[in-house]
Amino acid sequence: MNVPSIASQTGTTDLVDITSDDNEPKHAGDSQKLRCAGVKKTFKGAGGGPAVEALSGVDLYVRDNELVSLLGTSGCGKSTLLNIIGGLETASEGLVEVDGEQVVGPGPDRGMVFQNYSLFPWKSVRKNISFGLEVAGWGKSDRVERVNDLLGVVGLSEFAEALPRELSGGMRQRVAIARALAPEPDILLLDEPFGALDAHTRRSLQEFLLTLWQRTRVTILMVTHDVDEAIYLSQRLYVMQSHPGRIAEEIEVPFGESRGPMVKRDQRFLDLRDSIEDQLR
Ligand SMILES: Nc1ncnc2c1ncn2[C@@H]1O[C@H](COP(=O)(O)OP(=O)(O)O)[C@@H](O)[C@H]1O
Ligand SMILES: [Mg+2]
């Protein structure tokens, strides 16, 4: 099996538009990696109670190499939507496509990370990251190379043999991200990935995710209820509202690809935050 290293993924070969007149490298930003069309989800009411309309017809897309957030208050259907995209939950109506292929269940083209670092507690960091590769039938030397690569990317080479309980929450979540990245998914689906972390660790993991995205160019759809986090990390974001769960607005974030904490003091950042917070109130 051909295993491109993380370093080679930072190359521009996939990203260059060879049909363009100028030779400027471009991101393949026009091709859609993920598309949801008219996604509805109704849950049966518990104990014969009224049905819950968790999603009432969601249209969205994520471009190749984009980092997009789904932002909304608790209960607006973010996890339901992400689980439908991940194939863990079925839509009542509508369509989800990854690379033009309809999603009918979980698959190695979508890597998922949840809030509560769902690592195997009895497996070492290395074995946690390697697990999906074994399932996918990767040969041993490819697995070792890929895992070593990823340990470097997430800054945990020295902890390869540690067990999850020996790590801090932030480190565990980096392992979960490495594990989700290992089989080279087309898209990474993150559900409140930093929600269980203290404020300081959360900020450092936000920087980590931004750097990871800049280096690997993996396409990311992230769920969050944190307005600052969504603006700071995303190229684009969807603001959701509840009862019924729906997309209220799509916002293009104006800060380009390389950004640092300074953008949080940019007037456009502050204005955007105010207007989103008004909307969520
Ligand atoms: N398995 C389920 N059965 C019944 N209702 C559910 C189920 N999962 C979620 N819901 C309901 O759907 C709505 C959206 O939930 P969820 O997607 O978890 O929201 P969020 O992730 O934005 O907090 C909520 O009203 C929730 O109670
Ligand atoms: Mg949720």
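Residues numbered from 1 in each chain as written. Chains lettered and ligands numbered in written order. Predicted model: local features only at pLDDT ≥ 70, side-chain atom pairs only at ≥ 80, totals over all residues.

Chemist: I'd like to hear about the pairing of strand E9 (residues 236-241), residue by residue, with values.
Modeler: Relative to E9, strand E3 (residues 67-71) runs parallel, the two being bridged by four bridges. From the neighbouring strand, Val68 faces E9, where its bridge partner is Arg236. Here E9 folds back onto strand E10 (residues 246-252), and the loop between the two strands holds four residues, one of which, His243, carries a positive phi near 55°. (Pairing = 2+ DSSP bridges. Helix = DSSP H or I, 4+ residues; strand = E, 2+ residues; numbered from the N terminus.)

Chemist: Give a description of helix H3 (residues 125-135) that names residues and reports values.
Modeler: For H3, the complete set of buried residues consists of Val125, Arg126, Asn128, Ile129, Ser130 and Leu133. In this structure, the buried residues of H3 make contact with helix H4 (140-153) and helix H5 (169-181). Note on H3: the residue one or two positions beyond its end, Gly137, has a positive phi of about 85°. (Buried ≥ 20, exposed ≤ 12 C-beta atoms within 10 Å, placed from the backbone. Contact = placed C-beta atoms within 7 Å.)

Chemist: Any details on the site of ligand 1? Residues and values, ideally.
Modeler: For ligand 1, the full set of nearby residues is Phe43, Val52, Ala54, Gly72, Ser74, Gly75, Cys76, Gly77, Lys78, Ser79, Thr80 and Gly245. Those elements that provide at least two residues to the shell around ligand 1 are strand E2 (52-63) and helix H2 (78-86). If one sorts the elements of the shell around ligand 1 by residue count, H2 sits on top with three residues. Class assignment of the residues belonging to the shell around ligand 1 gives a composition of four nonpolar, seven polar and one charged. (Near = placed C-beta within 6 Å. Nonpolar A, V, L, I, M, F, W, Y, C, P; charged D, E, K, R; others polar.)

Chemist: So what's going on with unusual backbone geometry? Residues and values would help.
Modeler: It is generally the case that most residues other than glycine have a negative phi and that most peptide bonds are trans. The omega angle of the peptide bond from His243 to Pro244 is -5°, so this bond is cis rather than trans. Within the secondary structure, Pro244 sits in the loop between E9 and E10. Within the chain, Arg217 stands out as a residue other than glycine whose phi angle is a positive 60°. Position of Arg217 among the secondary structure elements: in the loop between helix H6 (199-216) and strand E8 (219-224). Of the residues examined, Arg217 has 21 C-beta atoms within 10 Å and is grouped as buried. Phi is positive for His243, which is not a glycine, with a value near 55°.

Chemist: Break down the environment of Val153 for me, with residues and values.
Modeler: When you line up the elements, Val153 lands in helix H4. With 22 C-beta atoms counted inside 10 Å, the residue Val153 sits in the buried group. Along the sequence, Val153 and Arg174 sit 21 residues apart, while their C-alpha atoms lie 9.5 Å from each other.

So, to be careful, I would describe these as geometric facts and stop short of saying anything about function.
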